[in-house]
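Chain residues, written in single-letter form:
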Amino acid sequence: MSAWDEGAPNAGGPVTSEEALEVHARGRPGKIEITPTKPLATQRDLSLVYSPGVAAPCLAIAKDPAKAYDYTAKGNLVAVISNGTAVLGLGNLGALGSKPVMEGKAVLFKRFADIDSIDLEIDTTDVDAFVQCVSLLGPTFGGINLEDIKAPECFVIEQRLRELMDIPVFHDDQHGTAIIAAAGLINALDLTGRSLRDVRIVINGAGAAGVACAELIKAMGVPHDHVILCDTQGVIWRGRTTGMNQWKSAHAVDTDARTLADAMRGADVAFGLSVKGAFTAEMLASMAKNPIVFAMANPDPEITPEEAREVRKDVIIATGRSDYPNQINNVLGFPYIFRGALDVRASTINDSMKIAAAYAIAALAREDVPDEVTAAYRGRRLRYGPDYFIPTPFDPRLITHVPPAVAKAAMESGVARRPILDLERYRAQLRSRLDPTASRMQLVIDRVRAQPKRVVFAEGEEEKAIRAALAWRDQGLGTPILVGREDRIAATLQNMGLRGLDGVEIHNARLSEHNRAYAEFLYRRQQRNGLLFRDCQRLVNQDRNVFAACMVANGQADAMVTGLTRNYHDCLQDVLRVIDPRPGHRIFGLTIMVARGRTVFIADTNVHELPDTKTLADITIQTARAVQRMGVTPRVALLSFATFGNPPVSKAARIREVVMELDRRQVDFEYDGEMGADVALDPDLLALYPFCRLKGPANVLIMPALHSANIGYKLLKQLGGGTVIGPLLEGLSHPVQIVPMNATVSDILNIAAMAAHDAIREPELVAARAAAE
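Residues numbered from 1 in each chain as written. Predicted model: local features only at pLDDT ≥ 70, side-chain atom pairs only at ≥ 80, totals over all residues. Heavy atoms only, no water.

Colleague: Pulling in residues and values, what's your account of the sheet that holds strand E4 (residues 169-171)?
Modeller: Judged by pairing direction, the sheet is parallel, and its four strands sit side by side in the order E2-E1-E3-E4 without closing on themselves. With partners counted over all chains shown, the strands left at the sheet margins are strand E2 (116-121) and E4, one partner each. On average, each strand axis in the sheet is inclined to that of its neighbour by 25 degrees, with strand direction left out of account. Summarising the sheet, strand E1 (residues 77-82) and strand E3 (residues 143-146) pair through four bridges and their orientation is parallel. Its bridge partner being in E3, Val78 is matched across the sheet by Gly143. Sheet strands in contact with helix H6 (residues 99-113) are E1, E2 and E3, and its direction is about 165 degrees off that of E2. (Pairing = 2+ DSSP bridges. Helix = DSSP H or I, 4+ residues; strand = E, 2+ residues; numbered from the N terminus. Axes fitted to C-alpha atoms, helices over the stretch in contact; angles between N-to-C directions. Contact = heavy atoms within 4.5 Å.)

Okay, here's the thing in structure tokens:
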């Protein structure tokens, strides 16, 4: 992985070494585990998947090796392999030192393309030994992703392995960067009215990525003598002898240019795969009209967009950073390229497939952008143009656009061993592989970063709250506010080995200048509920939840997070002293479960003990609306221990009444019940009830009572191995969220982001309140 790869700094906001180490060590160390796909509960199960049953597939594969794709995981398994000689921008860390990166790469394959992946770190710098080791692993895997291997050895290793193996071998440091840069180049040329055959390009950086960029753009049609490659010694010109190797020599050209400045003069395009500051203002000024600059060094580009636009207003620019438009990010490519290659059982990834991927990514940027992606950019409609010509890494459409293009190119170029006959059906299958909800959390965070908010962390003296506040600040999400005593917070910070709270506000409830106003505000609300003014003063002074809620209710903060030191019910009662439900809404808890490529929303997990028919119908409708706001089409199952009258028990009647109530209200989403959770989630069981209104497995589960909801989601959290977001507190008139007492810093950040995201919708809530009043 290069310094400008998908894991580079700034990819998701700054993180500290302490945070990263804590995440890697938490729970089961590392980032991956093996999960069986077949039942292993009984002796019969074991006999089927192992001895003696396993003999049957062994014999079948021995007779026909292609059967390995039918009876084993080979067809969806990629090895991420490194010797650690060029880890990130850190140099040679050795094989073991590269393992965290390789595990991370394996996780990205799963996250973005549902590809299973195993990391392998080979402890040798000998090219022959490395090649021999990897080549002998061919029967195990469907593809090989080489990573973090230094140049020029990486060129030799990849070429030899491609010759020896009949599965795709792909060095992402080379080709991943080249493919995304090529996609950007296609669109940048289109925006400036140029063609590949006429453009003149300078590539600064003759390492793995630089050479791969030169090779790919030439394969796409740029003439050989229109590309000048530069390294630390200047232009690679025909006849140069110092600092040369066979890969550089292949791109040497006849030119009088000897320095980067010489090469840049009159050039249409400049690719930077080098170091900070390599492109100067003078160089940019000397380029042709509407210069195209891809400054891909990370974390600091060769020239920043601000610096470039000071010199040339007509510049078209991309970088490797996520905080600028048009990020050259390898995660746009490698998961989907391998997805397409694996699905046609390609024997290699050739130039045709790389070019197809580049054109597919470029074409996606020209399409209308979904609202959920646009929402991350201050609500600004992303439109194809100078500030948007490369798709965003979390665009959910990449899975349906890039793999089909790669698969089609593999078939047309003759390297596909299992052609796909119906590409439209294949796109539908790809769409179902990944639950798009998994991307929604990042889109929420991106939107908050675009519209930063003031979030108050009520338990500001707690270490987790302080860490979350610092992370909120460092990720550019807004201003964090800690409620607590300055000396206690300072002492906790010192014990954490940290210092510096610049950009973090501290509010001591007892000493705040707003105390009187907050007490009067609370007294107006509670004077007929048994509280005297002095009671309200005491609550504001001593109860941090009340104080924090007053900050939000009176506009001094946009959102609030609490829950680390007190149970959910107590925190909610504190908040309700200050903040009312939204007019016409119920307060309830909504929990999001993400596991095994699917997302399920569960309600009510925290508030109503035994909701009556009308309350449960209200909760159902509000949950469906919340799910729709996340860009998901709700399919709602109203759960019971009975399924459509079986067994015929009176306790299930209430759920049937809810269905009838929803019928009367003529809601516009899919719903049905009563049904068991297994029927709601299992398509085979659901098929036994052809009259059911749900067109597929439910993604919204409405529980009959608080005990079943709360017990159920906590069991799933502890045993299910998935990700839990929430419970999210729905229905209040101001954004407040309550985290579990065992919440991690990441949990707190996610919940805070959801609260801040609700604050972005605050004008809508104000309008609703005004209409109600």
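Once the structure has been displayed, the description carries forward.
Colleague: Please give an account of the sheet that holds strand E7 (residues 234-235) that cites residues and values.
Modeller: On the basis of which strands lie adjacent, the open sheet formed by six strands has the order E7-E6-E5-E8-E9-E10 and mixed pairing. Lying at the two open borders of the sheet, with one neighbouring strand each, are E7 and strand E10 (316-319). Pairing of strand E5 (residues 201-204) with strand E6 (residues 227-231) involves four bridges; the strand directions are parallel. Among the inter-strand pairings, Ile201 is bridged to a residue of E6, identified as Val227. The sheet contacts of helix H9 (residues 172-191) involve E5, strand E8 (269-272), strand E9 (292-295) and E10, and relative to E9 the element is tilted by about 160 degrees.

Colleague: Hey, could you go over the environment of Ile317 for me, with residue numbers and the actual values?
Modeller: Structurally, Ile317 is set in strand E10. Expressed as a C-alpha distance, the spacing of Ile317 and Val269, which sit 48 residues apart in the sequence, is 9.8 Å. Beyond its immediate sequence surroundings of up to four residues, Ile317 is in contact with Val293, Ile303, Thr304, Pro305, Ala308, Arg309, Asn326 and Phe389.

Colleague: Got a sec to walk through the pairing of E8? Specific residues and values, please.
Modeller: Neither face of E8 is open: one carries Val269 and Phe271, the other Ala270 and Gly272, and all of them are buried. Relative to E8, E5 runs parallel, the two sharing four bridges. Bridge pairing links Ile203 to Phe271 in E8. Looking at chain direction, E8 and E9 are connected through four bridges and run parallel. In the sheet register, Gly272 faces E9, and the bridge partner there is Ala295. (Buried < 20%, exposed > 50% of the residue type's maximum accessible area, 1.4 Å probe, protein only.)

Colleague: Lay out the environment of Ala752 in plain terms, naming residues and giving numbers.
Modeller: Within the secondary structure, Ala752 is located in helix H32 (residues 745-760). Beyond its immediate sequence surroundings of up to four residues, Ala752 is in contact with Val455, Phe457, Trp472 and Val561.

Colleague: Explain the pairing of strand E17 (residues 635-639) residue by residue, including any values.
Modeller: Burial within E17 is extensive, with four of its five residues counted as buried. Here E17 pairs with strand E18 (residues 670-675) via five bridges, running parallel. Considered in E18, the bridge of Ala637 is made with Asp672. As a crossover connection, the stretch from E17 through helix H28 (residues 653-665) into E18 is right-handed. Bridging between E17 and strand E19 (residues 700-702) involves three bridges; their strand directions are parallel. Note that in E19 the partner of Val636 across the bridge is Val700. (Right-handed = clockwise from strand over helix to strand, strands pointing away.)

Read these as layout, nothing more, since geometry by itself doesn't imply function.
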